[in-house]
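Topology and contacts: notes
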Amino acid sequence: QVQLVESGGGLVQPGGSLRLSCAASGSILGINTMGWYRQAPGNQREWVASVTTGGSTNYADSVKGRFTISRDNAKNTEYLQMNSLKPEDTAIYYCYANLWHLGVRWGQGTQVTVSS
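So, here's what we can say about the structure.

Cut-offs and rules
- Residues numbered from 1 in each chain as written.
- Predicted model: local features only at pLDDT ≥ 70, side-chain atom pairs only at ≥ 80, totals over all residues.
- Heavy atoms only, no water.
- Helix = DSSP H or I, 4+ residues; strand = E, 2+ residues; numbered from the N terminus.
- Rg over C-alpha atoms; globule rule 2.2 N^0.38 Å.
- Buried < 20%, exposed > 50% of the residue type's maximum accessible area, 1.4 Å probe, protein only.
- Contact = heavy atoms within 4.5 Å.
- Lys, Arg positive; Asp, Glu negative; His and termini not counted.
- Charge placed at Lys NZ, Arg CZ, Asp CG, Glu CD.
- Pairing = 2+ DSSP bridges.
- Axes fitted to C-alpha atoms, helices over the stretch in contact; angles between N-to-C directions.
- Core = buried A, V, L, I, M, F, W, Y, C linked by side-chain atoms within 4.5 Å.
- Salt bridge = Lys/Arg side-chain N within 4 Å of Asp/Glu carboxyl O.

**Concerning the overall build of the protein chain**
- The secondary structure content of the protein chain amounts to zero helices and 11 strands.
- Helices and strands in the protein chain line up, N terminus first, as β-β-β-β-β-β-β-β-β-β-β.
- Relative to the 2.2 N^0.38 estimate, which gives 13 Å for 116 residues, the radius of gyration of the protein chain is 14 Å and therefore close to what a compact globule would have.
- Over its C-alpha atoms, taken along the principal directions, the protein chain stretches across nearly 45 × 25 × 25 Å.
- Burial analysis of the protein chain (116 residues in total) assigns 41% to the buried set.
- Put simply, 53% of the contacts in the protein chain that link residues at least 6 apart link residues at least 24 apart.
- Distance between charge centres in the protein chain, computed from 9 positive and 7 negative side chains, equals 3 Å.

Shown next as C-alpha coordinates:
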(Lines give C-alpha, C1' and ligand atoms only; values in the text may rest on other atoms or scores of the structure.)
Protein backbone atom coordinates (compact mmCIF):
# COMPACT_ATOMS: atom_id res chain seq x y z
CA GLN A 1 0.00 0.00 0.00
CA VAL A 2 1.34 3.41 -1.01
CA GLN A 3 -0.02 6.75 0.14
CA LEU A 4 0.65 10.28 -1.05
CA VAL A 5 -0.04 12.93 1.58
CA GLU A 6 -0.15 16.60 0.64
CA SER A 7 0.24 19.63 2.83
CA GLY A 8 0.74 23.36 2.55
CA GLY A 9 -2.46 24.63 0.98
CA GLY A 10 -4.43 27.56 2.32
CA LEU A 11 -5.63 31.10 1.76
CA VAL A 12 -3.24 33.71 0.41
CA GLN A 13 -3.59 37.20 -1.03
CA PRO A 14 -2.83 37.92 -4.68
CA GLY A 15 0.91 38.27 -5.16
CA GLY A 16 1.64 36.00 -2.22
CA SER A 17 3.38 32.64 -2.00
CA LEU A 18 2.64 29.13 -0.85
CA ARG A 19 4.68 25.94 -0.77
CA LEU A 20 2.97 22.60 -1.26
CA SER A 21 4.52 19.31 -0.20
CA CYS A 22 3.64 15.75 -1.17
CA ALA A 23 5.20 12.82 0.67
CA ALA A 24 4.91 9.24 -0.59
CA SER A 25 5.01 6.43 1.94
CA GLY A 26 4.55 2.68 2.00
CA SER A 27 6.07 -0.11 -0.06
CA ILE A 28 7.97 2.01 -2.57
CA LEU A 29 10.55 0.38 -4.81
CA GLY A 30 11.16 3.52 -6.81
CA ILE A 31 9.46 6.56 -8.31
CA ASN A 32 9.73 7.88 -11.84
CA THR A 33 8.06 11.18 -12.61
CA MET A 34 6.30 13.17 -9.89
CA GLY A 35 4.09 16.16 -10.48
CA TRP A 36 1.02 18.24 -9.81
CA TYR A 37 -2.39 18.80 -11.34
CA ARG A 38 -5.05 21.24 -10.26
CA GLN A 39 -8.80 21.53 -10.65
CA ALA A 40 -10.81 24.70 -10.28
CA PRO A 41 -14.61 24.59 -9.74
CA GLY A 42 -16.38 23.81 -12.99
CA ASN A 43 -13.13 23.11 -14.83
CA GLN A 44 -11.33 19.97 -15.92
CA ARG A 45 -8.23 18.84 -14.10
CA GLU A 46 -5.22 20.72 -15.47
CA TRP A 47 -1.62 19.58 -15.46
CA VAL A 48 0.65 22.07 -13.67
CA ALA A 49 4.21 20.75 -13.47
CA SER A 50 6.34 17.62 -13.34
CA VAL A 51 9.83 16.57 -12.30
CA THR A 52 11.82 13.47 -13.24
CA THR A 53 14.03 11.40 -10.97
CA GLY A 54 17.00 13.23 -12.38
CA GLY A 55 15.49 16.64 -11.68
CA SER A 56 14.33 17.68 -15.14
CA THR A 57 11.25 19.88 -14.88
CA ASN A 58 8.34 20.93 -17.07
CA TYR A 59 5.65 23.52 -16.47
CA ALA A 60 2.32 24.57 -17.89
CA ASP A 61 2.56 27.93 -19.64
CA SER A 62 0.13 29.41 -17.13
CA VAL A 63 2.57 28.90 -14.22
CA LYS A 64 5.95 29.13 -15.93
CA GLY A 65 8.21 31.64 -14.21
CA ARG A 66 6.05 31.70 -11.06
CA PHE A 67 6.00 28.10 -9.84
CA THR A 68 8.99 25.86 -9.10
CA ILE A 69 8.75 22.10 -8.70
CA SER A 70 11.42 20.09 -6.91
CA ARG A 71 11.84 16.72 -5.19
CA ASP A 72 13.89 14.99 -2.55
CA ASN A 73 14.41 11.43 -3.77
CA ALA A 74 15.74 10.25 -0.40
CA LYS A 75 12.47 11.33 1.25
CA ASN A 76 10.15 10.37 -1.65
CA THR A 77 8.80 13.90 -1.42
CA GLU A 78 8.07 16.58 -3.96
CA TYR A 79 7.43 20.28 -3.52
CA LEU A 80 5.67 23.03 -5.44
CA GLN A 81 6.81 26.55 -4.61
CA MET A 82 4.16 28.96 -5.86
CA ASN A 83 5.03 32.66 -6.08
CA SER A 84 3.19 35.67 -7.47
CA LEU A 85 -0.08 33.87 -6.98
CA LYS A 86 -3.14 35.04 -8.89
CA PRO A 87 -6.86 34.52 -8.23
CA GLU A 88 -6.96 32.20 -11.24
CA ASP A 89 -4.55 29.87 -9.43
CA THR A 90 -7.37 29.06 -7.01
CA ALA A 91 -8.01 25.31 -7.23
CA ILE A 92 -7.60 21.98 -5.51
CA TYR A 93 -4.03 20.83 -6.14
CA TYR A 94 -3.35 17.12 -6.53
CA CYS A 95 0.08 15.55 -6.48
CA TYR A 96 0.91 12.34 -8.31
CA ALA A 97 3.77 9.89 -8.47
CA ASN A 98 4.50 7.31 -11.14
CA LEU A 99 5.73 4.33 -9.16
CA TRP A 100 7.98 1.67 -10.70
CA HIS A 101 5.78 -1.25 -9.72
CA LEU A 102 2.32 0.24 -9.17
CA GLY A 103 1.87 2.91 -11.79
CA VAL A 104 0.40 6.32 -11.00
CA ARG A 105 -0.83 7.13 -7.51
CA TRP A 106 -2.58 10.34 -6.43
CA GLY A 107 -2.74 12.48 -3.33
CA GLN A 108 -6.03 13.47 -1.73
CA GLY A 109 -5.82 17.09 -2.86
CA THR A 110 -5.18 20.33 -1.03
CA GLN A 111 -7.12 23.57 -1.46
CA VAL A 112 -5.33 26.71 -2.58
CA THR A 113 -7.36 29.92 -2.50
CA VAL A 114 -5.97 33.22 -3.77
CA SER A 115 -8.17 36.09 -2.70
CA SER A 116 -8.01 39.50 -1.09
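**Observations regarding the sheet that holds strand β7 (residues 67–72)**
- Spatial strand order, β1-β3-β8-β7: four strands in an open sheet with antiparallel pairing. One side of each edge strand has no neighbouring strand; the edge strands of this open sheet are β1 (2–7) and β7. Between one strand axis and the next, the sheet turns through 15° on average, direction left out of account.
- Taken together, the six bridges between β1 and strand β3 (residues 18–26) define a ladder with antiparallel strand orientation. Paired with V5 across the two strands is A23, which belongs to β3.

**Considerations on the nonpolar core**
- By size, the foremost hydrophobic cluster in this structure holds 30 residues, and its most contacted members are W36, V48, F67, L80, M82 and Y93.
- Of all the secondary-structure elements, those providing two or more residues to this core are β1, β3, β4 (31–39), β5 (46–51), β7, β8 (77–82), β9 (91–99) and β11 (110–114).
- At five residues, the largest contribution of residues to this core is made by β9.
- In this view, F67 contacts R38, V48, Y59, L80, Q81, M82, N83, L85, D89 and Y93; residues no more than four positions away in its chain are not counted.

**A word on the side chain of S50**
- Residue placement: S50 occurs in strand β5.
- In this structure S50 touches T33, M34, G35, S56, T57, N58, I69 and Y96, once residues within four positions along its chain are discounted.

**Brief notes about the pattern of salt bridges**
- Scanning all chains against the criterion turns up four salt bridges.
- In this structure, R38 engages D89 in a salt bridge whose closest nitrogen and oxygen atoms are separated by 2.9 Å. On the criterion of sequence distance, the pair formed by R38 in strand β4 and D89 in the loop between β8 and β9 is long-range, its members being 51 residues apart.
- Taking relative accessible area as the criterion, R38 reaches 6% and is therefore assigned buried.
- Given a relative accessible area of 1%, D89 falls into the buried group.
- When salt bridges that share partners are traced, they join R38, E46, R66 and D89 into one network.

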